[in-house]
Amino acid sequence: MTNQSNCETLPDAIKTALNRRLERIVIFSGAGMSADSGIPTFRSGENGLWSEFNPSELATPDAWRRDKATVWGWYEWRRGIIMRAQPNPGHIAVAQLQHVLKASVITQNVDDLHERAGVSDVLHLHGRLLATRCDTCGQSIALDPPLLGSQRAVQPPSCTVCSGHARPGVVWFGESLDTRLFGLSERLVEACDLLLVVGTSGVVYPAAGLVALAPRSAIVIEINPEVTSVAGRIDHHLRATAANGLPAIVEHLLLKAN
């Protein structure tokens, strides 16, 4: 008896779609990409001490101005989870796809699991949690390891350059995305011939609008175990987690390339 390969689990329609010549591959990942690494999504309800809080109300400039200690405590809890997490097979598959077929990676995620899996030049639309900076002068701030366990309120460190405070290097609700990164992301999607949309809910704009920019000639495949709000150009839906669905697709593409 032989083990079934990952790609044999793919629906025939997806296999057929992937059998064409593909030269400009883009992966667009959301929070579901890292769920199999143990990082809870905003909407998962797996927030422990923070379960009664609405994350979208903590991740705002207004919340920061009102109560820095609570917001920082929440992000320190998240930083601890991210630092303990490991890339899952989905992240590894993306790295393989980039190394062999030069795929580009755009993510809404603020963790560094793509990079830790070996992916380079990731476009982080919503920033990076570990890229801490001063909320006043923008100076980068190095942090000690996060405290063990969740604490409801933690005072953020002070900036050594000015009187500001350390804040996570993320884009909060109500803040603008980096126009250079977003413009580059738009151009990559507009020129792609394969777009893999992985683990994104499709409700956070403007990032969610990227999917609709894929040309009619491109193949757009959504990999997500849940029905989502992703609109526009979806040709095929693979109801699987990133850790299961991506290795199957990448294995098929790499076998075809050899």
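In this text, all values refer to a predicted model and were calculated from it rather than measured experimentally.

(A) Molecular detail of the environment of Ala 103. Mapped onto the elements of the fold, Ala 103 is located in the loop between α6 (89-101) and β2 (104-107). Distance from Ala 103 to Pro 215, taken between C-alpha atoms, is 17 Å for residues 112 residues apart in sequence. Other than its neighbours up to four places away in sequence, Ala 103 contacts Ile 25, Ile 27, Leu 97 and Gln 98.

(B) Structural detail: unusual backbone geometry. For Lys 102, which is not glycine, the phi torsion reads 60° and is therefore positive. Examined against the element boundaries, Lys 102 turns out to sit in the loop between α6 and β2. Using a relative accessible area of 64% as the deciding quantity, one classes Lys 102 as exposed. With phi around 55°, Asp 121 is a residue other than glycine that occupies positive phi space. Here Asp 121 is to be found in the loop between α7 (113-116) and β3 (123-124). Classification of Asp 121 as exposed rests on a relative accessible area of 71%.

(C) Structural detail: the pairing of strand β5 (residues 166-170). With five of five residues buried, β5 is to be regarded as a mostly interior element. The sheet contact formed by strand β4 (residues 127-134) and β5 spans four bridges and is antiparallel. Note that in β5 the partner of Arg 128 across the bridge is Gly 169.

(D) Structural detail: the layout of surface pockets. When its volume is computed, the second largest pocket comes out at roughly 160 Å³. Contributing to the lining of the second largest pocket are Val 122, His 124, Leu 125, Gly 127, Arg 128, Val 171, Asp 178, Arg 180 and Leu 181. Listing elements by their share of the lining of the second largest pocket, those giving two or more residues are β4 and α8 (179-190). Residues that form the lining of the second largest pocket fall into these classes: four nonpolar, two polar and three charged.

(E) Fine view of the sheet that holds strand β1 (residues 25-29). Across the sheet, which stays open at both edges, the six strands sit in the order β3-β2-β1-β6-β7-β8 with parallel pairing between neighbours. Two strands in the sheet have a free side with no partner beyond their single neighbour: β3 and β8 (236-238). Across four bridges, the pairing between β1 and β2 is parallel. Bridge pairing links Phe 28 to Ile 106 in β2.

(F) Highlighting the pattern of salt bridges. On inspection of all chains with the given rule, the structure shows seven salt bridges. Salt-bridge contacts for Asp 112 lead to Arg 116; the nearest nitrogen and oxygen are separated by 3.3 Å. Look at Arg 116 and you get partly exposed, because its relative accessible area is 34%. The salt bridge involving Glu 222 is made with Arg 239; its shortest N-O contact spans 3.5 Å. Within this pair, whereas Glu 222 is found in strand β7 (residues 219-223), its partner Arg 239 is found in the loop between β8 and α9 (242-257), the two being separated by 17 residues in sequence.

(G) A look at the nonpolar core. The biggest cluster of nonpolar side chains holds 31 residues, and the ones touching the most others in it are Leu 18, Ile 27, Leu 194, Leu 196, Ile 221, Leu 246 and Ile 249. If you list the elements that add at least two residues to this core, you get α1 (12-18), β1, α6, β6 (194-198), β7 and α9. What Ile 27 contacts, discounting residues up to four positions off in sequence, is Val 94, Leu 97, Ala 103, Ser 104, Val 105, Ile 106, Leu 196 and Val 198. Counting 23 residues, the second-largest nonpolar core is a separate cluster that includes Ala 63, Val 71, Cys 134 and Trp 172.

(H) Region of the structure containing helix α5 (residues 68-84). The terminal C-alpha atoms of α5 lie 24 Å apart, and with 17 residues this matches the ideal 24 Å at 1.5 Å per residue to within 8%. For α5, a buried count of 14 out of 17 residues is recorded, marking the element as mostly surrounded by other parts of the structure.

Conventions and cut-offs
Residues numbered from 1 in each chain as written. Predicted model: local features only at pLDDT ≥ 70, side-chain atom pairs only at ≥ 80, totals over all residues. Heavy atoms only, no water. Helix = DSSP H or I, 4+ residues; strand = E, 2+ residues; numbered from the N terminus. Contact = heavy atoms within 4.5 Å. Buried < 20%, exposed > 50% of the residue type's maximum accessible area, 1.4 Å probe, protein only. Pairing = 2+ DSSP bridges. 1 Å grid on protein atoms, 1.4 Å probe; cavity = no way out; pocket = protein on both sides within 12 Å on 5 of 7 lines; lining within 4 Å. Points joined across faces, edges and corners; volume = space filled by probe spheres on them. Nonpolar A, V, L, I, M, F, W, Y, C, P; charged D, E, K, R; others polar. Salt bridge = Lys/Arg side-chain N within 4 Å of Asp/Glu carboxyl O. Core = buried A, V, L, I, M, F, W, Y, C linked by side-chain atoms within 4.5 Å. Expected span 1.5 Å × (residues − 1).

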